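# Residue-level structure breakdown
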Amino acid sequence: MKRTLQLQEIEATNLKIVSEFAVDLLTAKSVDDILWHVAQNVVSQLGLDDIVIYLLDSDQQHLVQKATFGNKNPVAKLILSPIVIPLNTGIVGKAARERVPIRIGDTRLHPEYIVDDEVRLSELAVPMLADGKVIGVIDSEHPQQDFYTKQHERTVFALASIAAVKIQKLLTLQQLQRTVEELEYSSKIQDSLFEIAEIIFETDSMSGFYQKLHRCIGKLTFAKNFYVGLLDNASQTVSLPYYADEFDTDVQGRTIPLHDEIVSITSYVLKRQKPLLVTEAQIGHLVQAGELTVEGTVPKAWLGVPFGDDSFSGIVVVQSYSDTYLFTDKDMQLLVFVAKHIRNAIERKNAKSKMEFLALHDPLTKLPNRLLFADRISHAIDNIEAESILGIAVCYLDLDRFKQINDNHGHHIGDQLLVEVSRRINACLRKQDTLCRLGGDEFAILIEDIFSVDEVKRTAEQILTVLNKPIKLGDIEIVVSVSIGIAEHFYGGDNTEQLLVFADEAMYQAKLKGRGQVYCFDDSKRSQTSSYKLETEFNQAVKDKQLFLVYQPLVDLDTGTIYGAEALIRWQHPELGEIPPARFLPEFERAQLMGKLDNYVVKAALAFLSEQEAQFGADFKLSINISGEGFNSRKLIARLNQYFAESPKLLKHLAIEITEQTIVSSVEETKDTIERLRQMGISISLDDFGTGYSSLSYLQQYTFDSLKIDRSFISHMEAGEGNQAILDAILSLAKTLDIATIAEGVETQHQYTALRNMDCQYAQGYFMSKPINQNSLLELLQLAPDYGAFNYQI
């Protein structure tokens, strides 16, 4: 797929013009405003004298002058002697017909040149394209021969593309508005649609949303009795999240089977997927014919309209129990039209509620996340100070040897295990207690209103007991243990972060005692940390070679072959066994050891590259992770400079991954470091893209060779079109900026194939290979497995 725009090839000044124009369009209200703004305030900044913008009249197949700058525009929005150009005529017509910019150095050599107000020697005609469709043409002429450059063409094409997309959206909206206005009761409908759209953001809960939706419908038709049904395709049932009825008051929240022998009137409409308007007598005939059944009070008139598609569908229903109001075909037409918008509103409200939930909850276990947990601890501390409760305790839990479970059975089993573990732990807690998943295999518990730490110990022992019972997941039976650290708080002095640190330290001690233990934080050590002990252990780990690298292959999705690998640090602790990075990296960061670890990783990675260089192809890349602390350190630059001086070709095999947090913490310094490393031949990759502070401005400011798309986007590919759209946007953005894309966490055939079809370039994940030792990696490189061929055979 060819890129339509090379943003990196547009010089800085012009890129600023393009960027500011894109921001300006957010507030544009009409096509006319956009065109005149482009002509008079945007393109004119490029130093172009005479500008004419044409819009395509698709019905008449000709181009009409709509905005100008220069001789044809003596004042305000006046166009002198506007002309019309047929689609196939002149340079402007040719640019529109062929959908490509046309740059003419000498118009005298082009017989198709059309003289408008006066003869000029140079012309630049750029089509305005949206989704491949011609919206219009931006045309500029200049008296100087060969005036226009490739730079002019690129910049005007960028402006034309942005304007075309906005114009197309406005034209589409205008068409919709015309359609709405043609309907009977148009003003009433428009008001209701806007109100329906607004209540998405005006309500904090789904129940409040449905109540306001009910009031909106009541402005359009008789809706004293109103309900909404939503279809669950998995269970083939219809839920009733909202039910307002003057007679049947206990229906809300019920579920209705879709495929009973004799279905309800609601299911009857949903199965037929057609609106139904019936009177009491007609309902009676349908019941007698055995086509449906009615529970509760039979209405005098019933109107139900289904909405949605296979992914999300439901029904809106109004009923009348009085002869004074019987619904008509106009009511049905009205509700049919509005139902489409109700569907969108419900889906968006659900999505908004889901996003708000996910912002504060773990998507796997649905437990509160660290952010919500910290907030609850803070409130609990406030309650202690207000003397409304006596004391609290924070428990830090870590599953023992969880990485081995993932390695042996796969992440999908690991995920199922975490869900079951969270369920069992929750069963041991009271309603006022909070269980949180901090990340990975780490959990935390807030236990409120306690009299002594003994109460917490009893709860912790109960958790150890229930988790020691085998967990059956399909044909697999797993026994897990957990290490628990406890930090209590009865008086002032400790804040939220300190309590978490104390509980974490206690959990670390529980692991040192032999796992499957409970340990209470020593109150006498509140002013101390484990930094010194951890640094001693780190130095010993380096000396004894307890720290080592494993390698996860990076696969070229186009060829199906290995083009590189990511080096990942591991720690084989003499007492604790293999400690996963998710466990020791936060400890290292807290003890300010990340810089030392970075230097160790760089040294180990370059030693591997140096020893095995003959085994690699010319394009082989070994990717390593560098922390924000270590990336800009003098030691790192000095070490790499030394390697560059001794073996410059070696560094071409090295790629360094940094996170978005590194950029945010030190913008200018990071920019300088990136440039220095790239001058040595080192590739730079932006890791975990999409999870933090990333924006187009960062991608414009820094020179990245690749983006690593965070695994959360990959794991949720099948969750819905919204996730797919975000992933498409990331891939398109990277392609536009000529940055390679690497998908992390590919674990299924579907993900692999979908990413390949979406033009993602590279991938890594358990579907291709888990992290392996260096000998296994070298064997794979020798065998040169074709993952692409392998996957197509599955």
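Criteria and cut-off values
- Residues numbered from 1 in each chain as written.
- Predicted model: local features only at pLDDT ≥ 70, side-chain atom pairs only at ≥ 80, totals over all residues.
- Heavy atoms only, no water.
- Helix = DSSP H or I, 4+ residues; strand = E, 2+ residues; numbered from the N terminus.
- Contact = heavy atoms within 4.5 Å.
- Areas by Shrake-Rupley, 256 points an atom, 1.4 Å probe, with all protein chains shown as cover.
- Lys, Arg positive; Asp, Glu negative; His and termini not counted.
- Charge placed at Lys NZ, Arg CZ, Asp CG, Glu CD.
- Core = buried A, V, L, I, M, F, W, Y, C linked by side-chain atoms within 4.5 Å.
- Buried < 20%, exposed > 50% of the residue type's maximum accessible area, 1.4 Å probe, protein only.
- Disulfide = S-S within 2.5 Å.
- Pairing = 2+ DSSP bridges.
- Axes fitted to C-alpha atoms, helices over the stretch in contact; angles between N-to-C directions.
- Patch = residues over 30% accessible without salt bridge, like charges linked within 9 Å, V, L, I, M, F, W, Y side chains within 5 Å.
- Salt bridge = Lys/Arg side-chain N within 4 Å of Asp/Glu carboxyl O.
- Phe/Tyr/Trp six-rings, centres within 6.5 Å; stacked < 30°, edge-to-face > 60°.

## Here's the deal with the overall build of the protein chain
When helices and strands are counted, the protein chain shows 27 helices and 28 strands. Here the C-alpha coordinates of the protein chain stretch approximately 90 × 85 × 60 Å along the principal axes. Summarising the internal contacts of the protein chain: among those between residues at least 6 apart in sequence, 63% fall at separations of at least 24. Taken as a whole, the protein chain presents about 37,800 Å² of accessible surface, with 50% of it coming from carbon and sulfur. Once the 77 positive and 109 negative side-chain charges of the protein chain are each reduced to a mean point, those two points are 2 Å apart.

## A word on the nonpolar core
Core analysis: the largest hydrophobic core is formed by 78 residues, its most contacted members being Leu640 and Ile656. Considering every element that reaches this core, the biggest residue donor is helix 17 (residues 594-612), with 9 residues. Apart from residues no more than four positions distant in its own chain, Leu640 is found in contact with Val602, Leu606, Leu651, Leu654, Ile656, Leu677, Met680 and Ile682. With 53 residues, the next largest nonpolar core counts Ile34, Ala39, Met128 and Val156 among its residues.

## Topic: the state of the cysteines
Taken as a whole, this structure holds 0 disulfides when the rule is applied. Here Cys395 stays unpaired: no disulfide links it, and the sulfur of Cys520, its closest cysteine neighbor, is 8.2 Å away. Classification of Cys395 as buried rests on a relative accessible area of 3%. The thiol of Cys428 is unpaired, and the distance to the nearest cysteine sulfur, on Cys395, comes to 11 Å.

## What to know about the sheet that holds strand 13 (residues 392-399)
Strand order in this open sheet of 5 strands is 14-15-13-18-19, and the pairing throughout is mixed. Every interior strand has two partners, whereas the edge strands, strand 14 (434-439) and strand 19 (518-520), have only one. Direction aside, neighbouring strands of the sheet carry axes that sit 20° apart on average. Sheet topology note: the strand 13/strand 15 (residues 442-448) ladder contains 7 bridges and is antiparallel. Pairing of Ala393 across the sheet is with Ile447, part of strand 15. Seen against the sheet, helix 13 (residues 453-468) touches strand 13, strand 15, strand 18 (482-489) and strand 19 and runs at an angle of roughly 165° to strand 18.

## Things to note about a negative patch on the surface
Together, Glu668, Glu669, Asp672 and Glu675 make up a region of like negative charge exposed at the surface. A relative accessible area of 43% means that Glu669 is categorised as partly exposed.

## Observations regarding the packing of aromatic side chains
We describe a pair of aromatic rings using the distance from one ring centre to the other and the angle between the two ring planes. Enumeration over the complete set of coordinates arrives at 17 aromatic pairs. Between Tyr210 and Tyr242 the ring centres are 6.1 Å apart and the planes differ by 20°, which places this aromatic pair in the stacked class. With Tyr210 in helix 6 (residues 206-218) and Tyr242 in strand 8 (residues 237-244), this pair connects stretches of sequence that are 32 residues apart. Its relative accessible area of 3% is what places Tyr210 among the buried residues.

## What to know about the pairing of strand 15
With 7 of 7 residues buried, strand 15 lies mostly within the body of the structure. Residues Glu442, Ala444, Leu446 and Glu448 of strand 15 are buried on one face, and the alternating residues Phe443, Ile445 and Ile447, pointing to the opposite face, are buried as well. Here 5 bridges tie strand 14 to strand 15, and the two strands are oriented antiparallel to one another. The partner of Thr434 across the bridge, within strand 15, is Leu446. The turn joining strand 14 and strand 15, which pair antiparallel and follow one another in sequence, is formed by 2 residues; a positive phi near 55° is taken by Gly440.

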